[in-house]
Amino acid sequence: MSEQKNSLEPIILCRDLNKWFGNFHVLKDVSLEVQPKEVLVIIGPSGSGKSTFIRCINRLEEHQEGQIVVDGIELSHDVRNIAAIRSEIGMVFQQFNLFPHLTVMENITLAPRFVRRQARRDAEGIALQLLERVGIPEQARKYPGQLSGGQQQRVAIARALAMQPKIMLFDEPTSALDPEMIKEVLDVMKELAQSGMTMLVVTHEMGFAREVADRIVLFDEGRIVEMGTPEHFFTNPQHERTKLFLSQIL
Amino acid sequence: MPGSSSDSPFYVAPLESPASRRPPVTTVGPLGWLRQNLFSSPANAIATALTMFVSGWVLWQILSWSVRSAQWGVIFNNLRLIGSGLYTPDQIWRVEWTAALLVFLLGLSTGVWGQVARRTLFAVGVILTIIVIIPLIGARIPEPRIYLLVEPQRNPSTLVFLGYKDQEVTFQIDPITDPEEASTSLAGYIENARSRTEWFTRAREARDGTLDFADHTLLLTARLLDARGTDLTVGDAPAQIISTPDDLGGKLTVKLPRDGWYMIQVVRDDTNKADNAGYAWLKVDGVELFPSQIDHVEALEDEYGLAPAPDQAVRAEQSLYRYEGTQNFAEYISLQVAPFFKNISTALFAGLALFINGALIGFLGKRERRVRRAALGGWLLAGPVILILLYGFEGSRSLPLVSTRLWGGLLLTILLTFIGIAASFPIGVLLALGRRSTLPVVKWTCTLLIETIRGVPLITILFMAKQIIPFFSPALVDIDLTIRMMIGMTLFSAAYLAENVRGGLQIIPNGQIEAARALGMNPALTMTLIVLPQALRAVIPAIMGQFISLFKDTSLVAVVGLYELVGIVDTITKGQPVYRPYQREAYIFVAIVYFVISYAMSDVSRRLESTGAGSTRRLK
């Protein structure tokens, strides 16, 4: 399956990415290609640079060396390029980052209305469909603070989808959730993967990785240690670091 | 059963969870409440009793004073001045329309955003109705009769006043011949003593009947003069009364020919001083003393020319007056309470009707975007509309120019507050954003401005606005004092507001900004849609506190010569000796007005915090 995808033009291309926080070398020569409709799960210990890596892709962090090309556009200091790339990429955060002063409906329709200049009515129609897709259409008029964590994260997913992105980035989407609520969020993500969305997911949910991922990447100390299909990863890991990591979390 | 769980390590609850019950009753009736809260321990009981005794005593003192001896005439006789200052009397309708507009907007807002503070806005509406509209209607109460004490030590005695065209002025000489009058008629004269010693002397003399005024012949001439000292005439004869012991001279009513300064001068025939040393009252009707009595008459002199200051004249503020008030309870009701309510009833009903109409329109239409926009737009437009309405146009017949120097009283207080809030809010937000800017020059400029203004007392800023602004550019000389004070207050408020807003900006988590950027919003959209709404909501209490301070600080412009609420009351009670004994009443009234408006503002702020869309309670 992944061999088939490799023949296509990659939607994300990273070449020799390097990044420092002050003197701390966070990303070291990271090179990676992501094919359209591919689900890439990124795992690794904390501080390994996996979050920083996906935040570089929509330029919430700036890389200092190397090249990132998203859908044919290279990330540079050009503001127009950044805006173009960000509107192609949806992002879901660990802490949801919903706008607490707006209702669920307003959270979802805000960017389409003010960035994409959609009419209010159109945007609300789309938002309602998305809320149905994530399973909480009845919460549209509530404020984020009135929802449970799982519901909030599903709203965050709907909010990102409302911009009709080609790529979705997930930065530990279930880490801040109560165990009872993790499943409802993972279910939405699974459905999204099945619908053909290109997804980069930073997570510790190995079950999800095994079931949904096309490829899994293990980050450690700012570099890619091992990359492969779930089958390869869970049954026949090569690198010592991978074996150690898996032995500790499984 | 939980009880049996001690026997066995295993316990499984029944499938159904028990129905929720009400919490147990913890207090028993009002008596139980009293016992629990007020008399729970001996110390508490003593504290309660002591507090009740002291506060009861204070309340009783205030109440009995305000009914038995307070003379509220100082308020309701000067309602027009307190309401709108020296604003040209025949243009008062413009102030009334301003008040009407504000009351209507308040009503509309109450209806539309009622869930925020319906009760409070209603209270504010009612109170504003009373204190804004009513003073203006109240102005139609006839001015009190003025008694000028004609003393042997002053010759001639001159009363200087500002008159308007077709105003009817009546004056009369009333010699004091009855020793019995000493203890009653001269009450004001005694009250007005310049020192304690003088007061005691006069009071004793009056009590003993030895006050020296009765046993003398009085030969007095009272004349009405214009500003140049020319006699005014009735028909062909000069407008004058000659009073002798045989013929008191009667009353004379004169219609004034134009707007301007006038004098009534009383000249004593000094040919035989020994025989001519008694006292008399010059009783004047239809004259408004206030404008002529203010210490700084520049404002009026701009309009009406220089006030006359004849060599021998005693400016009225130096003369002695007495105001005939009431001192007992029955008269308190019939002379103070009844006329007040009679005179305010029209305004009260007009204001209430406006308010309720506005509230109904707002309430019925609050689901309509159009009505909500109208309410918001109404407030935005209110500022310019009110300023144009009050200022008028040069040479216009229907809206003649009314110089801002004549604006005063509660009108000026509310305008300074309203404009200060409306202008300092955007400036303060911009300064706060500027201070957080990544551009060094913008950042340093804003920081310097904020810290400079915050490091200087408001009173200094107001003096600077008065004295220094004209130095910057000759073009600025023409900006009049009222506008300069508005600028000063606005800058001061903006600097503090900027720091409050900056505090709000700092608490917005970075995740909010990242989320907005990840959705493709540019920095401007992120700021206006995501950061500012949350930051401002978080600092509502601080901002409202700032606005309340601004409202109270407007009283400082009195120091640089504007007559807002405090300034005008100060001038009324100091400048019009008639009212000099009643400063207590006047300042208590002022305090009540300030308190009511401040309290209403802070109540609205409390409700904004705890309710409404995205309130802090809902922020997670």
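First things first, this report covers the structure right here in the doc. Source: prediction; values computed, not measured.

### Regarding the interface of chain A and chain B
Line of reasoning, step 1. Every contact between the two is made by 25 residues of chain A and, on the other side, 22 residues of chain B.
Line of reasoning, step 2. Approximately 2,100 Å² of surface area, both sides summed, lies buried where chain A meets chain B, with 62% of it carried by carbon and sulfur atoms.
Line of reasoning, step 3. Among the salt bridges present, the one from R55(A) reaches E514(B), with a minimum N-O distance of 2.4 Å.
Line of reasoning, step 4. At the boundary of chain A with chain B, the tally comes to five residue pairs in polar contact (both at pLDDT 80 or more).
Line of reasoning, step 5. Elements that contribute at least two residues to the side of chain A that touches chain B include exactly β6 (89-92), α4 (104-114) and α6 (149-161) of chain A.

### Structural notes on the packing of α6(A) against helix α7 (residues 179-194) of chain A
Residue and element names in this part refer to chain A.
Line of reasoning, step 1. α7 packs onto α6 with a crossing angle of 20 degrees between their chain directions and a minimal axis gap of 8 Å. Considering their axes alone, α6 and α7 lie roughly parallel with respect to each other. Relative to α7, the crossing made by α6 is right-handed. Facing α6, whose interface residues are G149, G150, Q151, Q153, R154, I157 and L161, α7 presents M181, E184, V185, V188, M189 and L192.
Line of reasoning, step 2. Split into classes, the residues belonging to the contact of α6 with α7 amount to seven nonpolar, four polar and two charged.

### Points about the nonpolar core
Residues and elements named next belong to chain B.
Line of reasoning, step 1. Formed by 80 residues in total, the largest nonpolar core has its most connected members in Y87, L390, M485 and V557.
Line of reasoning, step 2. By residue number, the principal contributor to this core is helix α18 (residues 481-506), which donates eleven residues.
Line of reasoning, step 3. When sequence neighbours within four positions are dropped, the list of residues in contact with V557 reads L416, L462, M485, M489, L562 and E564.

### What to know about the packing of aromatic side chains
Line of reasoning, step 1. Summed over the entire model, instances satisfying the criterion amount to six aromatic pairs over all chains.
Line of reasoning, step 2. Note on F492(B) and Y496(B): the rings are 5.0 Å apart at their centroids and 50 degrees apart in plane angle, and the pair reads as tilted. You can see F492(B) and its partner Y496(B) sitting in helix α18, four residues apart, about one turn around the helix.
Line of reasoning, step 3. Note that R210(A) overlies the ring of F234(A), its terminal NZ or CZ placed 4.6 Å from the centroid.
Line of reasoning, step 4. Sitting over the face of the ring of Y496(B), R454(B) holds its NZ or CZ atom 5.6 Å from the ring centroid.

### With respect to the layout of surface pockets
Line of reasoning, step 1. Roughly 750 Å³ of internal volume is contained in the second largest pocket.
Line of reasoning, step 2. Lining the second largest pocket are 23 residues; nearest its centre among them are I513(B), R517(B), N522(B), P523(B) and T526(B).
Line of reasoning, step 3. Broken down by secondary-structure element, the contributors of at least two residues to the lining of the second largest pocket are α3 (79-88) of chain A together with α19 (510-518) and α20 (523-538) of chain B.
Line of reasoning, step 4. A breakdown of the residues in the lining of the second largest pocket according to their chemical character gives eleven nonpolar, six polar and six charged.

### Brief notes about the environment of S8(B)
Residues and elements named next belong to chain B.
Line of reasoning, step 1. Note on placement: S8 falls in the segment before α1 (29-37).
Line of reasoning, step 2. Residue classification places S8 among the partly exposed residues on the basis of a relative accessible area of 29%.
Line of reasoning, step 3. Separated by 393 residues in sequence, S8 and L401 have C-alpha atoms that sit 94 Å apart.

Rules behind the numbers
Residues numbered from 1 in each chain as written. Chains lettered and ligands numbered in written order. Predicted model: local features only at pLDDT ≥ 70, side-chain atom pairs only at ≥ 80, totals over all residues. Heavy atoms only, no water. Contact = heavy atoms within 4.5 Å. Buried area = accessible area lost by both parts, 1.4 Å probe. Salt bridge = Lys/Arg side-chain N within 4 Å of Asp/Glu carboxyl O. Polar contact = N/O pair within 3.5 Å; in protein donor to acceptor, adjacent residues only side chain to side chain. Helix = DSSP H or I, 4+ residues; strand = E, 2+ residues; numbered from the N terminus. Axes fitted to C-alpha atoms, helices over the stretch in contact; angles between N-to-C directions. Parallel < 35°, antiparallel > 145°, perpendicular 65-115°, else oblique. Left-handed = near helix turned anticlockwise from the far one by under 90°. Nonpolar A, V, L, I, M, F, W, Y, C, P; charged D, E, K, R; others polar. Core = buried A, V, L, I, M, F, W, Y, C linked by side-chain atoms within 4.5 Å. Buried < 20%, exposed > 50% of the residue type's maximum accessible area, 1.4 Å probe, protein only. Phe/Tyr/Trp six-rings, centres within 6.5 Å; stacked < 30°, edge-to-face > 60°. Lys NZ or Arg CZ within 6 Å of the ring centre and 35° of its normal. 1 Å grid on protein atoms, 1.4 Å probe; cavity = no way out; pocket = protein on both sides within 12 Å on 5 of 7 lines; lining within 4 Å. Points joined across faces, edges and corners; volume = space filled by probe spheres on them.

These values are about where atoms sit, not about what they do.
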